[in-house]
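Observations on the model geometry
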Amino acid sequence: MMHIIDRRLNPKGKSLSNRQRFIDRAKTQIKKAVNEAITNRKISNTDGGERIKIPSDGLYEPRFAGDSEKGIHDRVMPGNKDFMPGDKIKRPPSGGPGQRGRDAGEDGEGEDGFQFTLTRDEFLDIFFENMALPDFIKKSIKEEVTHEYTRAGYKRQGSPSNLDLKLTMRNSLARRLCLRRPRNEEITELEDKITALRRQKKHTIKEQNKIIALLEELEVKKRRRKMVPYIDPLDVRYTSFTEIEKPNTHAVMFCLMDVSGSMGETHKELAKRFFMLLHLFLIRQYTKVDVIFIRHTHLASEVDEETFFHSRETGGTIVSTALEEMQKIIKDRYPPEDWNIYAAQASDGDNLNSDNAHCQHLLTQNILPMCQYFAYVEVWDSHEAEMFPGDGNATRLWQAYEELKQSHQNFALKKVTRPEDIFPVLHDLFAKNKKSEVA
Amino acid sequence: MTTSKTRKKPASSHKKISPPIFEGAEWDYEKVDHCFQAIQKIAMEEMGLNVYPTQIEIITSEQMLDAYSSVGMPLMYNHWSFGKSFLRDESNYRKGFSGLAYEIVINSNPCICYIMEENSMTMQTLVMAHAAFGHNHFFKNNHLFKQWTDANAILDYLQFAKNYIAKCEERYGQKEVEKILDSAHALRDQGVDKFTRRQTLDVAALRKRELERNEYEQSQYSELWRTLPETASKDDEEIDLIEKALVQKLGLPESNLLYFLEKHSPVLENWQREILRIVRSMAQYFYPQRQTKMMNEGCACFVHYHIMNRLFDTGQITEGAMLEFIDFHSRVIAQPDFDNQYYAGINPYALGFAMMKDIERICENPTEEDREWFPDFAGNNQAIETLKEAWENFRDESFILQYLSPHLMREFRLFNLNDDKSRPFYLVNAIHNKQGYTAIRSALAAQYSVASLDLDIQVTNVDLHGNRAMTLTHNVTNGVTLDEKQVSLVIPHIQRLWGYDVSVKSVGPDIGETNFA
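Reference entry: report on the structure contained in this document. Computed from a predicted model, the values in this text were never measured in an experiment. (Residues numbered from 1 in each chain as written. Chains lettered and ligands numbered in written order. Predicted model: local features only at pLDDT ≥ 70, side-chain atom pairs only at ≥ 80, totals over all residues. Heavy atoms only, no water.)

**What to know about the sheet that holds strand β3 (residues 111-116) of chain B**
Here is the rule: A pair of strands counts as paired when DSSP detects no fewer than two bridges linking them. In this description a helix means any DSSP run of H or I spanning at least four residues, a strand means any run of E spanning at least two, and both kinds are numbered starting from the N terminus. Lines fitted to C-alpha atoms define the axes, with helix axes restricted to the stretch in contact, and inter-axis angles between N-to-C directions lie between 0 and 180 degrees.
The sheet built from 4 strands is open, its strands ordered β1(A)-β1(B)-β3(B)-β2(B) with mixed pairing. Of all strands in the sheet, those bounded by a partner on one side alone are β1 (2-6) of chain A together with β2 (103-106) of chain B. When strand polarity is set aside, the average angle formed by the axes of neighbouring strands in this sheet is 20°. Two strands pair when backbone bridges link them, and strand β1 (residues 54-59) of chain B and β3(B) are joined in this way by 6 bridges, in the parallel orientation. Opposite B:Thr54, over in β3(B), you have B:Cys111 as the bridge partner.

**Quick look at the interface of chain B and chain A**
Where interface size is quoted, it is often the accessible area lost as the parts come together. Using the following cut-off: Whether two residues touch is decided by their heavy atoms; if any such pair falls within 4.5 Å, the residues are in contact. The term buried area means the drop in 1.4 Å probe accessible area that two parts suffer when joined, counted for both and summed. What makes a salt bridge here is a side-chain nitrogen of Lys or Arg within 4 Å of a carboxyl oxygen of Asp or Glu, nothing more. Identification of polar contacts relies on pairs of N or O atoms within 3.5 Å, with a donor-acceptor requirement for protein atoms, meaning one able to donate a hydrogen and the other able to accept it, and with residues adjacent in sequence counted only if both atoms are side-chain atoms. Side-chain classes follow a simple rule in which Ala, Val, Leu, Ile, Met, Phe, Trp, Tyr, Cys and Pro form the nonpolar group, Asp, Glu, Lys and Arg form the charged group, and the remainder, Gly included, forms the polar group.
Between chain B and chain A, the residue contacts involve 95 residues of the former and 63 residues of the latter. Contact between chain B and chain A buries roughly 7700 Å² in total, counting both sides, with carbon and sulfur atoms accounting for 52%. A per-residue breakdown of the area chain B buries against chain A is headed by B:Trp80, B:Lys421 and B:Tyr426, which together make up 10% of the total. For the pair chain B and chain A, the interface holds 10 salt bridges. For the salt bridge of B:Lys84 with A:Glu61, the shortest nitrogen-to-oxygen distance reads 3.6 Å. Where chain B packs against chain A, one counts 39 residue pairs in polar contact (both at pLDDT 80 or more). The biggest single contributor to the side of chain B that touches chain A is helix α4 (residues 80-95) of chain B, with 11 residues. When its residues are assigned to classes, the side of chain B that touches chain A shows 46 nonpolar, 26 polar and 23 charged. By the bridge criterion, 6 bridges tie strand β3 (residues 72-77) of chain A to strand β4 (residues 415-420) of chain B in an arrangement that is antiparallel. By the bridge assignment, A:Met77 is partnered in β4(B) with B:Phe415.

**With respect to the packing of aromatic side chains**
Just so we agree on the cut-off: Any Phe, Tyr or Trp ring, taking Trp's six-membered ring, that has another such ring centre within 6.5 Å forms a pair; planes under 30 degrees apart are called stacked, those over 60 apart edge-to-face, and the others tilted. Working rule: Lys NZ or Arg CZ, within 6 Å of ring centre, within 35 degrees of ring normal, means a charge sits over the ring.
In total, this model carries 27 aromatic pairs over all chains according to the counting rule given. Each ring, one from A:Phe374 and one from A:Phe411, has its centre 5.6 Å from the other, and the planes form 20°; the classification is stacked. Of this pair, A:Phe374 sits in strand β12 (residues 373-379) while A:Phe411 is found in strand β13 (residues 411-416), placing the two residues 37 residues apart along the sequence. We note A:Lys415 situated over the ring of A:Trp398; from NZ or CZ to the ring centre the distance is 5.6 Å. The residue whose ring lies beneath B:Lys485 is A:Tyr60, and the NZ or CZ to ring-centre distance is 5.8 Å.

**A closer look at the pattern of salt bridges**
Residues and elements named next belong to chain A. Counted by the stated rule, this structure contains 33 salt bridges over all chains. Put simply, Arg8 and Asp6 hold a salt bridge, and the shortest N to O gap is 2.9 Å. Connected via shared salt-bridge partners are Arg183, Glu185, Glu186, Glu217 and Lys221.

As structure tokens, this is what we get:
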């Protein structure tokens with residue numbers, strides 16, 4: 001006796017819930033590993049999961065075990081070549097072949113590193129825990145709204161295509177039971193009885209009376225059936241849908257970077273990481289994120305990612321050129337009515353002195369009103385930071401921007417000196433309790 | 001690969017060559033069904049196996065990984081450790097470090113066999129013979145399984161366990177349930193009954209027995225016999241009695257720690273006790289498997305080998321399929337030598353299969369030596385019957401003690417290596433020669449014994465008059481003491497379940513007493 005059952009179409013991921021429990025449990029270790037992993041990524045390469053390795057403390061499952069380094073272990077092994085009884089074999093220094101049986105590897109210290117792959121969502125969930133987009137009131141920006149239908153209970157009127165058969169029939173059944181609508185079988189039974197009686201040639205009076213009684217009963221039942229319909233308009237239910245508004249979920253992110261000679265590799269590396277994290281973060285919030293790279297010296301131009309990070313340029317430094325370029329691109333391709341605009345600027349703070357006022361002006365007048373958020377990150381390498389500690393030594397550009405911060409909520413600036421600072425900085429910029437801080 | 005005697009004899013006796021059931025590697029339901037019928041015919045009619053009805057379930061590799069992580073069971077309660085093993089298995093599989101099993105078979109009624117969709121038709125045939133008949137017969141007939149597991153109830157029980165734990169999580173929170181499960185898992189190995197639990201006599205029966213004994217004593221009493229004066233003072237005696245009664249009541253010493261905690265822990269809530277019970281029941285369910293691994297695999301390998309050969313003899317499978325089978329089979333039952341880099345202990349498939357084939361040989365074609373060693377069945381020409389009896393009544397340890405032949409010891413070139421960690425050398429105790437056979441046989445059997453598989457740890461004392469501290473005693477065998485690091489990690493778990501101090505001591509002839517806090 002046998003059954004074959006095809007289980008291949010059963011829902012997958014039976015162990016998904018266990019997986020989540022495991023990740024919950026290992027959260028701190030995973031978080032650390034994720035932070036390390038992120039530094040080795042390309043900005044737009046955010047598809048696919050990430051292989052991470054975590055130490056297994058807290059994930060260890062202890063059990064009573066014998067100490068394999070003590071006592072007498074009497075073993076039988078196969079494949080004797082030339083041993084004779086009484087032979088003494090020198091013990092190899094530490095666990096040579098043959099000595100390590102099952103006792104060792106199974107659950108000893110072999111598990112110190114535990115490697116597995118997180119899915120992209122798990123990865124980002126962990127990474128951006130406790131972060132959210134700032135909730136600024138959009139003044140002049142008209143949001144593009146799309147509409148979507150969702151289920152919203154049942155209603156009594158509707159189009160036939162939305163008829164909910166199950167509920168309708170349930171109501172109908174309940175009503176029929178309550179009002180005692182005669183069933184088909186009852187009627188046929190009565191009719192059968194009548195025909196059976198009628199078929200007899202002779203009827204006694206008693207039988208005749210019975211026929212009359214039955215006929216009456218049948219009449220009543222039939223009337224009752226007419227009065228109590230099978231389906232009454234009262235029973236009918238339609239599934240109801242309501243329209244809900246879905247906010248626009250496109251975003252464009254501008255990466256602005258100073259690539260003049262004063263920006264060394266370390267500066268750029270820091271900037272790159274910042275941009276990358278910001279990009280990852282935005283991708284979580286919006287269905288579609290465009291990334292625009294603008295680099296500038298004393299001239300600004302839009303470039304691709306590769307050139308943005310890796311090619312060298314020489315020249316002076318005029319920050320406003322980049323802002324102008326950004327403004328132009330917004331005007332051409334990203335009307336603020338339709339797009340959520342984010343900008344991140346990285347610079348070492350060098351700027352042509354006369355340009356700072358111009359930057360300030362550009363930002364207040366044109367750019368900031370159009371942007372959801374503008375973050376300025378000043379990258380210093382660690383030597384510089386050591387040489388000029390404290391906030392007193394701010395660059396001119398910083399000073400200029402600092403003034404903006406007072407008057408604009410959607411503007412933020414931070415200083416970054418080491419790679420480890422980047423994540424906290426980003427975290428500060430987008431921390432969930434940010435709102436209360438500002439208010 | 002030698003052709004076996006059994007396979008040739010029936011083949012020549014009734015030469016019925018039928019067309020092959022399948023050709024090529026592709027499988028479909030019809031072929032699987034036909035094959036199953038053919039296998040069943042051989043297994044039931046020729047071998048007379050006694051099996052549960054079979055339910056074959058086709059699964060994908062991903063589902064196989066799922067099954068792995070829930071210890072091979074079709075249903076399992078949720079716990080992070082299963083997620084951990086899933087991730088590890090998945091990672092190993094994706095990287096190609098380890099392949100997946102071709103089948104998983106569950107000791108249930110009906111017997112569920114998972115087979116993978118990517119297996120070739122030959123593999124499906126082999127897997128059905130191996131699992132649906134080999135393992136299935138073993139599960140249904142071996143005395144350990146009969147005694148300790150209930151194949152009819154296991155699936156329902158798993159469903160119950162899963163629901164119960166989910167409900168507890170809803171009511172008491174996932175974290176609380178997880179804590180209890182963590183602690184219970186740490187004691188899983190100490191959560192099995194190794195002996196049938198003593199039945200508690202009911203009070204009426206106890207009283208009756210006492211009365212009878214008193215009467216008897218009175219009838220036999222003679223003043224003359226009272227020669228010694230009573231020395232012990234009454235008070236001591238009373239305290240002793242109370243202590244004894246308590247110990248009796250708690251059933252100490254108790255080797256099933258989870259049972260003890262479930263029944264007597266002063267701090268656990270009822271739902272927590274039930275969780276301990278679930279973990280304990282699962283451990284108990286797997287206990288016979290650990291003790292019969294080698295025999296179980298040997299039985300399954302013997303059955304599949306026999307069936308595949310018979311299918312080939314009767315022309316029901318092609319030469320190609322037979323070659324594919326032999327290639328696979330010889331890889332499964334390969335036994336690397338001790339100095340081989342792939343050596344990882346004795347391969348249970350290899351030893352199991354070899355012993356079964358060896359018994360068959362002794363039954364049908366014994367040498368003088370065999371007749372001397374196995375007078376009971378040498379030359380009885382009833383190989384299958386003899387094997388079935390062995391499968392029914394033995395476990396790995398006793399099976400080796402009873403059936404390991406000198407012939408096989410020579411074939412495996414077994415030797416006994418004594419590894420006393422206090423000496424700078426290994427000592428070769430015995431080899432496969434006349435003086436060594438019995439020594440090797442008992443040493444190998446000991447390797448499969450409960451004492452060497454499981455540590456002997458018991459609850460020996462609970463200070464009920466004082467601070468309620470619990471004492472666990474580990475009886476040291478062969479001087480193997482407890483791994484201190486593990487002990488320090490496990491103790492907090494026991495404390496959580498017991499609620500009061502717990503200490504562990506190792507007791508042994510050579511080491512005296514070691515205490516772990």
